[in-house]
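Observations on the model geometry
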Amino acid sequence: MPGRPDPTELLELFQRAQAAFTDRVDAVEPGQWDAEALPGWTVADLVAHLVGEAHWTPGLLAGDALDDVAAQVPEGTDALLAPDPLTAWEAVADEALAAVAAADLVAGTVHLSRGPTPAAEYVEELTADLTVHSWDLARATGGDEVLDPALVRAAEGLAARLPADGVPGLFEAPVELPDGASPQDRLLARFGRRP
């Protein structure tokens, strides 16, 4: 199992994951926003999910209570993506990146629904989520499905810690793959995707 990256590496990986997702959001054509990205989610819903996640990041990394952070985040896909999806994503992505850069990724703690969590673990999860959802978005829109190998390696650390049957409501159970599958395909399969 890969070790956790140090704070400088983690910031760089988070920034790379954001940039990869931004490229894929920018490539979405006007008629693709209602296409299915995941079961029950459109492309717009997927992007809104990550916009919402980015909205939460500064407050959580500042040590704010989960309920206080949640109260400040718009609800619903339309509200999260106003005035347009790319602008909405870029604005909150910049704020999230600044928060990660300013955070104490050695000793900091965020307060999640599962309880106090090391800030570095939280940022690692955000990075993995961005990485896997970049693939989801590319798959849904006919974009570039090749993931940055460094991001795949980094996400493997989180994937290795997932329960064997996934996390209900967050990550699907793993999908079986043939021997010799690529690291990217193994990662996606671990997150319940069929590459």
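Okay, so let's go over this structure. (Residues numbered from 1 in each chain as written. Predicted model: local features only at pLDDT ≥ 70, side-chain atom pairs only at ≥ 80, totals over all residues. Heavy atoms only, no water.)

**Let's talk about the nonpolar core**
Leu 61 and Trp 89 are the most contacted members of the largest nonpolar core, which has 46 residues in total. Counting residues per element, the ones that place at least two in this core are helix H1 (7-26), strand E1 (36-38), helix H2 (43-61), helix H4 (77-81), helix H5 (85-102), strand E3 (109-112), helix H6 (119-141) and helix H7 (149-161). The leading source of residues in this core is H2, at 10 residues. Excluding residues within four positions of it along the chain, Leu 61 makes contact with Ala 99, Val 100, Ala 103, Val 110, Ala 119, Tyr 122 and Val 123. (Core = buried A, V, L, I, M, F, W, Y, C linked by side-chain atoms within 4.5 Å. Buried < 20%, exposed > 50% of the residue type's maximum accessible area, 1.4 Å probe, protein only. Helix = DSSP H or I, 4+ residues; strand = E, 2+ residues; numbered from the N terminus. Contact = heavy atoms within 4.5 Å.)

**Focus on a negative patch on the surface**
Negative charge collects at one region of the surface, where Asp 23, Asp 26, Glu 90, Asp 94 and Glu 95 lie side by side. Every element with two or more residues in the negative patch is listed here: H1 and H5. The biggest single contributor to the negative patch is H5, with three residues. Note on Asp 26: relative accessible area 53%, which makes it exposed. (Patch = residues over 30% accessible without salt bridge, like charges linked within 9 Å, V, L, I, M, F, W, Y side chains within 5 Å. Areas by Shrake-Rupley, 256 points an atom, 1.4 Å probe, with all protein chains shown as cover. Salt bridge = Lys/Arg side-chain N within 4 Å of Asp/Glu carboxyl O. Lys, Arg positive; Asp, Glu negative; His and termini not counted. Charge placed at Lys NZ, Arg CZ, Asp CG, Glu CD.)

**Topic: the packing of aromatic side chains**
Within this structure, the stated rule accounts for one aromatic pair. Measuring from centroid to centroid gives 5.0 Å for Phe 21 and Trp 89, while their planes differ by 75°, and the two rings are edge-to-face. In this pair, Phe 21 is assigned in helix H1 and Trp 89 in helix H5, connecting sequence segments 68 residues apart. Here Phe 21 and Trp 89 have matching classes, each one buried. (Phe/Tyr/Trp six-rings, centres within 6.5 Å; stacked < 30°, edge-to-face > 60°.)

**Let's talk about H6**
Over its 23 residues, H6 runs 33 Å from end to end, which matches the ideal 33 Å to within 8%, given 1.5 Å per residue. Most of H6 is tucked away: 22 of the 23 residues are buried. (Expected span 1.5 Å × (residues − 1).)

**Remarks on the pattern of salt bridges**
Within this structure, the stated rule accounts for seven salt bridges. The partner of Arg 193 in a salt bridge is Asp 136, with the nearest N and O atoms 2.6 Å apart. Taken together, the residues Arg 193 in the segment after helix H8 (183-190) and Asp 136 in helix H6 connect sequence positions 57 residues apart. By relative accessible area, Asp 136 is classed as buried at 1%. We note a salt bridge from Arg 139 to Glu 145, for which the minimum N-O separation is 3.2 Å. Note on Glu 145: relative accessible area 26%, which makes it partly exposed. Three or more residues joined by partner-sharing salt bridges are found here, namely Glu 12, Arg 16 and Asp 148.

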